[in-house]
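# Working through the structure, step by step
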Amino acid sequence: MLQFVQFTLTRAAMAIVTLLLVSFIVFSLMEMVPGNCAERYLAFKNTQGSKITVEDIAAEEARLGLDRPFVVRWASWVGDVFIEGDFGDSCILRMSINGLLGQKIWLSLGICFAALFFAYLIAIPVGIISATANNPFANNTLRFVSYLGLAMPNFLLALMIMLFSTVVFGDTLTGLFSKEYRDAPWSVDKVLDFLSRAWLPILILGWSATAFALQTVRALMSDELGKLYVTAAQARGVFGWRLLWRYPARHALGPIVNSLGFDLNRVFNELPIVAIILTLTGAGSLLLEALARSNDQQLAGAIIFMLTASIVALNFFTDVLLAIIDPRVRRSVMGG
Amino acid sequence: MNAEALAERRKKEVYFTASQTQLIWSRFKKNRAAMVAGTVLLIMVLMGIFAPFLSPYDPTIAGRDKDYQNGAPQIPMFCDHNGCSWRPFLHGLERTRSIKTNFRWVTTINPDKRRYVTFLPQGWEYRVLAFNLDLPGSALDVRFAGFGFTTHLFGIEEGGIHLFGTDAGGKDIFSRTLHAIWTSLAVGTIGVFISFVLALIIGGASGYFGGRIDGFFQMITDAVRTVPAIPLFMALAAFVPDEWSSETRFFFISIILGLIGWPTLARRVRTHLLTERNQEYVLAAQLCGASATHVIGRHLLPSFTSYIIVDLVISFPYMVLSETALSFIGLGLKEPVNSLGVLLQAVTSSDVLLDYQWYFIPVIFFVTMVMAFVVVGDGLRDAADPYSDKK
Amino acid sequence: MMSEPLISVQNLTIRFRTDEGLITAVENLSFDIAPGEVLGLVGESGSGKSVSAKSLMKLNGSNTIYGDYSRIMLQSEGAPVDILKLSRPRDLEIVRGGAISMIFQEPMASFAPAITVGDQMVEQLLIHTSLTKKQAKELSIEMLARVGISDASRRFGQYAFEFSGGMRQRAMIAMALSTKPKLLIADEPTTALDVTIQAQVIDLMKDLVDEFGMGILFITHDLGVIAQTADRVAVMYLGKMVEIGSVRDVIRRPAHPYTKGLLDALPKLEALDELLTPVPGDIPSPLERPRGCVFHTRCAQAIAGRCDVDVPGSVSLADGHVAACFLAESGANEGARAAETVA
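Residues numbered from 1 in each chain as written. Chains lettered and ligands numbered in written order. Predicted model: local features only at pLDDT ≥ 70, side-chain atom pairs only at ≥ 80, totals over all residues.

### Overview of the overall build of chain B
Inclusion rule: Strands here mean DSSP runs of E at least two residues long; helices mean DSSP runs of H or I at least four residues long; both are numbered from the N terminus. Residues are scored as being in contact if the C-beta atoms we place from backbone atoms lie within 7 Å.
Tallying secondary structure elements over chain B gives 13 helices and eight strands in all. Considering only contacts in chain B between residues 6 or more positions apart, those separated by 24 or more positions represent 71%.

### Quick word on helix α7 (residues 154–168) of chain A
Filter applied, for reference: One fewer than the residue count of a helix, multiplied by 1.5 Å, yields its expected span. A residue is called partly exposed when the number of other C-beta atoms within 10 Å of its own lies between 12 and 20, exposed at 12 or fewer, and buried at 20 or more, with C-beta atoms placed from the backbone.
For α7 of chain A, built from 15 residues, the straight-helix expectation of 21 Å at 1.5 Å per residue is met to within 8% by its first-to-last C-alpha distance of 21 Å. Inspection of α7 of chain A places N154, F155, L156, L157, A158, L159, M162 and L163 of chain A among the buried residues, and these make up the whole buried set.

### Describing the pairing of strand β3 (residues 38–42) of chain C
All names here are of chain C. Cut-off, in case you're wondering: We treat two strands as partners when DSSP finds at least two bridges between them.
Counting buried residues along β3, five of its five residues qualify, which places the element largely inside the surrounding structure. Here β3 shows a buried face lined by V38, G40 and V42 and a second buried face lined by L39 and L41. Pairing analysis gives five bridges linking β3 to strand β9 (residues 215–220), with the strands arranged parallel. Its bridge partner lying in β9, V42 is registered against T220. As judged from the four bridges shared by β3 and strand β10 (residues 232–237), these two strands associate in the parallel manner.

### Structural notes on unusual backbone geometry
Residues and elements named next belong to chain C. A positive phi angle, near 45°, is found at N11, a position not held by glycine. Within the secondary structure, N11 is located in strand β1 (residues 7–18). Overall, N11 belongs to the partly exposed group, with 13 C-beta atoms counted inside 10 Å. Within the chain, L238 stands out as a residue other than glycine whose phi angle is a positive 50°.

### Focus: helix α4 (residues 117–128) of chain C
Residues and elements named next belong to chain C. Helix length check: α4, at twelve residues, gives a terminal C-alpha distance of 17 Å against a target of 16 Å (1.5 Å per residue), a fit within 8%. Most of α4 is tucked away: nine of the twelve residues are buried. Those residues of α4 lying buried are V117, G118, Q120, M121, V122, E123, Q124, L125 and H128. Those residues of α4 that are buried are in contact with α5 (133–146), α6 (152–155) and α7 (165–177).

### Some words on the interface of chain A and chain B
Inclusion rule: By the convention adopted, Pro, Cys, Tyr, Trp, Phe, Met, Ile, Leu, Val and Ala count as nonpolar, Lys, Arg, Asp and Glu as charged, and the other residues, Gly among them, as polar.
With 39 residues of chain A at the contact, the number on the chain B side is 39 residues. Elements that contribute at least two residues to the side of chain A that touches chain B include exactly α1 (2–32), α6 (136–151), α7, α8 (188–225), α10 (240–277), α11 (283–293) and α12 (297–325) of chain A. Split by residue class, the side of chain A that touches chain B holds 31 nonpolar, eight polar and no charged.

### A closer look at the sheet that holds strand β3 (residues 106–119) of chain B
The strands making up a sheet are joined through hydrogen bonds of the backbone, oriented either antiparallel or parallel. All names here are of chain B. The test is simple: The convention used is that axes are lines fitted to C-alpha atoms, helices contributing only their stretch in contact, and that angles between N-to-C directions extend from 0 to 180 degrees.
Taken together, the four strands give an open sheet; going across it, the order is β1-β2-β3-β8, and neighbouring strands pair in antiparallel fashion. The open sheet has two edge strands with one neighbour each: β1 (77–80) and β8 (154–156). Strand-to-strand, the axes of this sheet are offset by a mean angle of 55°, without reference to chain direction. In the sheet, strand β2 (residues 83–96) pairs with β3 via eight bridges, with the strands oriented antiparallel. By the bridge assignment for β3, G92 is matched with N110.

### Focus on the nonpolar core
Condition: Structurally, a nonpolar core is described as a collection of buried Ala, Val, Leu, Ile, Met, Phe, Trp, Tyr and Cys residues joined by way of C-beta atoms within 7 Å.
A115 and V274 of chain A, F233 of chain B together with L183 and L217 of chain C are the most contacted members of the largest nonpolar core, which totals 249 residues. Here this core takes 15 residues from helix α5 (residues 97–132) of chain A, the largest share from any one element. If we ignore the near neighbours within four places in the chain, the residues touching F233 of chain B are I256, I260, S322 and L326 of chain B.

### A look at the confidence of the model for chain A
Filter applied, for reference: The pLDDT value tells you how sure the predictor is about a given residue, anywhere from 0 up to 100.
Taken over all residues, the pLDDT of chain A has a mean of 79, while the share at 70 or more is 86%. Looking at the elements of chain A, mean pLDDT is at its lowest for α11 of chain A, recorded as 68, and at its highest for helix α9 (residues 228–235) of chain A, recorded as 88.

### Section: the confidence of the model for chain B
Residues and elements named next belong to chain B. Chain-level statistics for chain B give a pLDDT mean of 78 and a share of 87% at 70 or above. The lowest-confidence element of chain B is strand β5 (residues 131–133), averaging 63 in pLDDT; the highest-confidence one is helix α3 (residues 32–49), averaging 89. For this predicted complex, the interface confidence reaches an ipTM of 0.81, while the overall pTM sits at 0.79.

### Thoughts on the environment of M44 of chain B
Residue and element names in this part refer to chain B. Relative to the helices and strands, M44 resides in helix α3. Separated by 324 residues in sequence, M44 and T368 have C-alpha atoms that sit 9.3 Å apart. When residues no more than four places from it in sequence are discounted, the contact partners of M44 are I181, M369 and A372.

### Comments concerning the packing of α1 of chain A against α12 of chain A
Between two packed helices, both the angle of their axes relative to each other and the distance between the axes serve to describe the pair. All names here are of chain A. Definition in use: With respect to orientation, any angle under 35 degrees is reported as roughly parallel, any angle over 145 as roughly antiparallel, any angle of 65 to 115 as roughly perpendicular, and every other angle as oblique. By convention, the crossing between two helices is left-handed when the near helix turns anticlockwise from the far helix through less than a right angle, and right-handed when the turn is clockwise.
Where α1 meets α12, the axes come as close as 9 Å, and the angle between the chain directions of the two elements is 160°. Here α1 is positioned roughly antiparallel relative to α12, judged by the angle of their axes. Between α1 and α12 the crossing geometry is right-handed. Residue classes in the contact of α1 with α12 are distributed as 16 nonpolar, six polar and two charged.

### A few points about the sheet that holds β10 of chain C
Residue and element names in this part refer to chain C. With respect to topology, eight strands assemble into an open sheet ordered β7-β8-β9-β3-β10-β11-β13-β12, the strand pairing being mixed. The outermost strands of the open sheet, each flanked by one partner alone, are β7 (100–103) and β12 (315–318). Averaged over all pairs of adjacent strands, the angle between their axes in this sheet comes to 20°, without regard to strand direction. Along the sheet, α7 makes contact with β7 and β8 (183–187), crossing β7 at roughly 170°.

### As for the packing of helix α7 (residues 229–237) of chain B against helix α10 (residues 292–328) of chain B
All names here are of chain B. Following both chains from N to C, one finds α7 and α10 inclined at 55°, their axes separated by 11 Å at the closest point. Here α10 runs oblique to α7, going by the angle between their axes. Classified by chirality, the crossing of α10 by α7 is right-handed. Two secondary-structure elements touch here, α7 through A229, I230, F233 and A237 and α10 through S322, A325 and L326. Of the residues belonging to the contact of α7 with α10, the class tally is six nonpolar, one polar and no charged.

### Let's talk about the environment of A318 of chain C
Positionally, A318 of chain C belongs in strand β12. The spatial distance from the C-alpha of A318 of chain C to the C-alpha of G245 of chain C is 8.5 Å, given a sequence separation of 73 residues.

Spelled out as structure tokens, the structure:
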């Protein structure tokens, strides 16, 4: 038990180090953009009619602490994020990023996790069947569909579905809420309304993740199926689904759990573009907004950091989970 | 021994002494789906390379057909109600404007007039091997004018021929699609090349030296791998100032794609090196007194070049996909560069689906190309590792 | 004392459908195993030993084609059952782990790594017996103790990777015998073990045969192990049985050049300085089986125009000693004459 705690703590420490590294990468990227927050904000003001002088910029820089060295600013940013969970203010909008993101980030994360869940809900049974089935037609069809899943980007799929529904049903299927619930406080009806609309983004975000997961499950399953212990179990009279679940599927579970983090990454990749097409008002479109339109690096950095942090967290949990469910990992963790 | 047995023996010898590349190729040939995809891919690559020659019109605004905007695809025919001809032809077009049409220009087809397709006509000028890099600052600028040509595969006697129709500006979608294939392939190639060089250096150092260096690089690699790539692309692409030329933008995007794509490849290189390094043939070479450079160059690298090539092919379509996604949201390439992502931007409104369905033709090419890449990559992977997937 | 055979393999032919075409792995193989008898099956790798053994439980992959006249008759209560005719998994249950158990070459790989040894034993017992879970656990621990695993109740809850090599194979034997099968198939059970552990395992198996009175099909490429364990031995080459007989007959008076070759290839304690004589040449690819006698390409005594054209029939040499070789015919005639003179 002590060793397990030790293992968990080591993994947690590693996760934090990874996050620090990521925060450094993200922060450096934000810094590399020509012009700093003061210049950008004042330039933005400029377009609204106020006259800006060099002194104004210098004063603004001092006020924002932008005259300090790079590493110091990074340290204070990271300190705020890690200790107080405070991402500071958005550069252009002059509002607290935490307030801006608020429930949007949770909504987006929820949809992404749901997409991931949906991907595996389909990929696991279908992958197992396709690894065991001997029907060449079914196998080839599955292969084709999963290739299509890889080759057809989610945003294109979203676009097609949307255009189709607009033309055929006259309904755009966009947004996460109907008009009447958009600004209403959470209630049972609002949740139902949300669910009735969220299936489409979940489906679309899960689309290529499903294709990837399907390939992973299939490859792992046929790998395990070829192993001697499966033949040995068959020779003892185990058969059918019991054989599949208890033997190859159970043993393929480890690598599948391990790959969850990267699949979540894949879903996040699609989030901003799909969000734009389906006009979802989550973190995805906010991110795109921040990057494409207003050059708001503070907001963008915060969102990228949040997304990455959730992947790191997921990786941490799957590591610990693996140590619990897989005796081989457990033994290497516990040292015997 | 008779001749037949001798031939048989030679066949076996060829098999047993075949190099890794030959073995991979011979296994790949047996995979019918991959061979079909490979052929499709080859055709697409050729179409991309010879895009200027195959395109009857300049794909930029310079080549617009102002008399045929948002025009439907024109398919050359051999027969009409006036009989058949050996030379394919199109019917004549007439533009009229009158009170009947609310004084808008309306194009009508005149089925009694024939316009014949011509082969190898002279048309717009294109430059081969031209190279123009214009980065901020003048030190890195490279200019090479190349050679000009004006011959094209086909054209038409008078008016225009638009196999895939035209867009709202009157640009020929066929020419644009061919050029877009070229751009996507070029972006992918540069991106893959950059990430390959980075992967070789980082993964190579990591795998060959092992120990702490390995641990350090692994940490960096994992951190970069954890950050979702597209949001990161977007953050990087947002740096691009609007005043950059399209060529510069193109190189910048390719470089970004390469800079972010390396971790997966680096891991593969590292794993290959780590496993091969401990093989006995390496020990044998070292015991014979071979230097480290000799061991790496003559023994280690050749042992997995074919696998690395396979990895490169596999990572290629994701480069193309990323470029398309970026251009699609307007952070990547922009007009007048023709990339598939730029062309996909045109299909976002619903009136396209209702009225101008031919805008979707580039989408078909895009999906086909990426799919062909994925299938070929998969086929190569199976061929390189026959035990990876038994059924 | 010919008792009713436990299992009777008749004209077993096994082919595999592959990308390269049909591959014949086993051709016209016939043998019987009586209760309490140990039959050794010897041959190089690729000779079709394991494939034949697996066919007794129909464990070969879905691309397997069995010959039309092939039969594997298993003695069971009432009428004998043709195993090859069984197709539903539920019907196959009686042979898989019930009437027949199998031990594999790699004890490590034949246990599922993430399931405890005990769970796998209990699972098998629950499938084949009417024991409760608790009884099954008690029986499993008892069996583990019986095969000489100390601290069996603790070992019951452990994973295969926590066992040593010899212990794993003993646990495998305990598991295989727990359902009291009539026939035990041992597929090179000692190959992956150290020599000292090999002897232990072989002794254990001999004890258990006496105790449980079952038949054993013992597959190996090691004639030395056969001499120690088997009553009768069958020699296979490229999917064909070339010789079968009692261990004493086959080892003292091998009739087939291949058996002779295998015996010559063994190191001899009395002549350690002598060079070993390996069987010349390589085993041909199963894709291009030689015409005529499958062994003629490597046989020093092959008769040109005969061995590479005609398939030699089975020649009966003595009581139960049969060889498939033209050379044996003359020997058989002599034997027959000798028998006449005695009479």
